[in-house]
Amino acid sequence: MDLCSLSVKDFIKRVAEKSPTPGGGAVGAVAAALAAALGAMVSNLTIGKKGYEDVESQMEACLEIFGNEMSYLCDLVNKDVQAFDQVMAAYRLPKNSEEEKAVRTVKIQQALKTAIEVPFDLARRCKNVIVNVERLAKWGNLNAISDAESAAHLLYAVYYVAKANVMINMKSLKDPRYCNWIKEEMDHLEKQIEASYRRILEVNKKEKWLNSPSQKKTR
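Because the structure is a prediction, the values reported are computed rather than measured.

A.B. asks: Describe the overall build of the protein chain, with residues and values.
C.D. replies: Each helix and strand in the protein chain was counted, giving 7 helices and 0 strands. When its helices and strands are written in sequence order, the protein chain yields α-α-α-α-α-α-α. Reported as C-alpha extents along the three principal axes, the dimensions of the protein chain are approximately 80 × 35 × 30 Å. The buried share of the protein chain, taken over its 219 residues, is 39%. Long-range contacts, defined here as pairs at least 24 residues apart, represent 76% of the contacts in the protein chain between residues at least 6 apart. By element, 54% of the accessible surface of the protein chain is carried by carbon and sulfur atoms, the whole surface being about 12300 Å². Charge separation in the protein chain, taken as the distance between the mean sites of 32 positive and 28 negative side-chain charges, equals 5 Å.

A.B. asks: Which residues make up the side chain of E190, and what are the values?
C.D. replies: Mapped onto the fold, E190 is located in helix α6 (residues 176-210). Apart from residues lying up to four places away in sequence, E190 is in contact with Y159, Y160 and K163.

A.B. asks: Could you give an account of unusual backbone geometry, with specific residues and numbers?
C.D. replies: Here T21 and P22 are connected by a cis peptide whose omega angle stands at -5°. Turning to its location among the elements, P22 is positioned in the loop between α1 (8-16) and α2 (24-46).

A.B. asks: An account of the nonpolar core is needed here, citing residue identities and associated values.
C.D. replies: Ranked by internal contacts, the top residues of the largest apolar core, which has 58 residues, are F66, L122, V133, L155, I182 and M186. Broken down by secondary-structure element, the contributors of at least two residues to this core are α2, α3 (56-91), α4 (98-139), α5 (145-170) and α6. With 15 residues, the top contributor of residues to this core is α4. Look past the residues within four positions of L122 in its chain and what remains in contact with it is G25, G28, A29, A32, L73, L76, V158 and A162.

A.B. asks: Describe the pattern of salt bridges, naming the residues involved and giving the relevant values.
C.D. replies: Under the counting rule described, the total for this entry stands at 9 salt bridges. With a shortest N-O distance of 2.9 Å, K113 and D175 are connected by a salt bridge. Of this pair, K113 sits in helix α4 while D175 is found in the loop between α5 and α6, placing the two residues 62 residues apart along the sequence. By relative accessible area, D175 is classed as partly exposed at 23%. Measuring nitrogen to oxygen at the nearest pair gives 2.5 Å for the salt bridge that ties R199 to E134. Here R199, found in helix α6, pairs with E134, found in helix α4; they are 65 residues apart in sequence, far enough to count as distant. R199 sits in the partly exposed class, given a relative accessible area of 42%. Residue E134 is classed as buried on the basis of its relative accessible area, which comes to 7%. Bridged by salt links that share partners, the residues E69, D121, R124 and R125 form one connected network.

Calculation criteria
Residues numbered from 1 in each chain as written. Predicted model: local features only at pLDDT ≥ 70, side-chain atom pairs only at ≥ 80, totals over all residues. Heavy atoms only, no water. Helix = DSSP H or I, 4+ residues; strand = E, 2+ residues; numbered from the N terminus. Buried < 20%, exposed > 50% of the residue type's maximum accessible area, 1.4 Å probe, protein only. Contact = heavy atoms within 4.5 Å. Areas by Shrake-Rupley, 256 points an atom, 1.4 Å probe, with all protein chains shown as cover. Lys, Arg positive; Asp, Glu negative; His and termini not counted. Charge placed at Lys NZ, Arg CZ, Asp CG, Glu CD. Core = buried A, V, L, I, M, F, W, Y, C linked by side-chain atoms within 4.5 Å. Salt bridge = Lys/Arg side-chain N within 4 Å of Asp/Glu carboxyl O.

Spelled out as structure tokens, the structure:
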């Protein structure tokens, strides 16, 4: 089933059911897709607006990126569920003989890597989206600045959703070199995301202050 084809209400009901999927990873991918959608909205509300002619090409570039990310993230919703199902299927493999145990171990390790790669990919998508949300905060329509900030809050949270899912699957992975590489990459992504997030908040804080009623009176 394509979970992204469900209504919002039906998706929420599926998450609440007595089943491990769709779980945190899938929910995180939906939230990131919504953040990209907010970014697309702010881009659209900037393009063609008086006073924003000089940044129209930047907004059009952002709009294309957000559209691509929305589509990619919807695919990740389903991939997250499939990855979990693969792990469960591997753990259910027979282990009556040494040969069966060996096959089962290999399959589990392979499935765990897939289950790590999906949320790792989600973290990378969060970085891609938030970098462009930062462009909206700098150049986008000021009337939609709170929507750009909302997108940033979502992406910041989703990164930690992705990190939680990466870490829980790495606990059972017996490949220290791979685990160290993933940890280093996640740390790098975290720094990039946090830096963009802080800059977005700072820009928005400044704009809100400059456009507050008390400041308008003194300008």
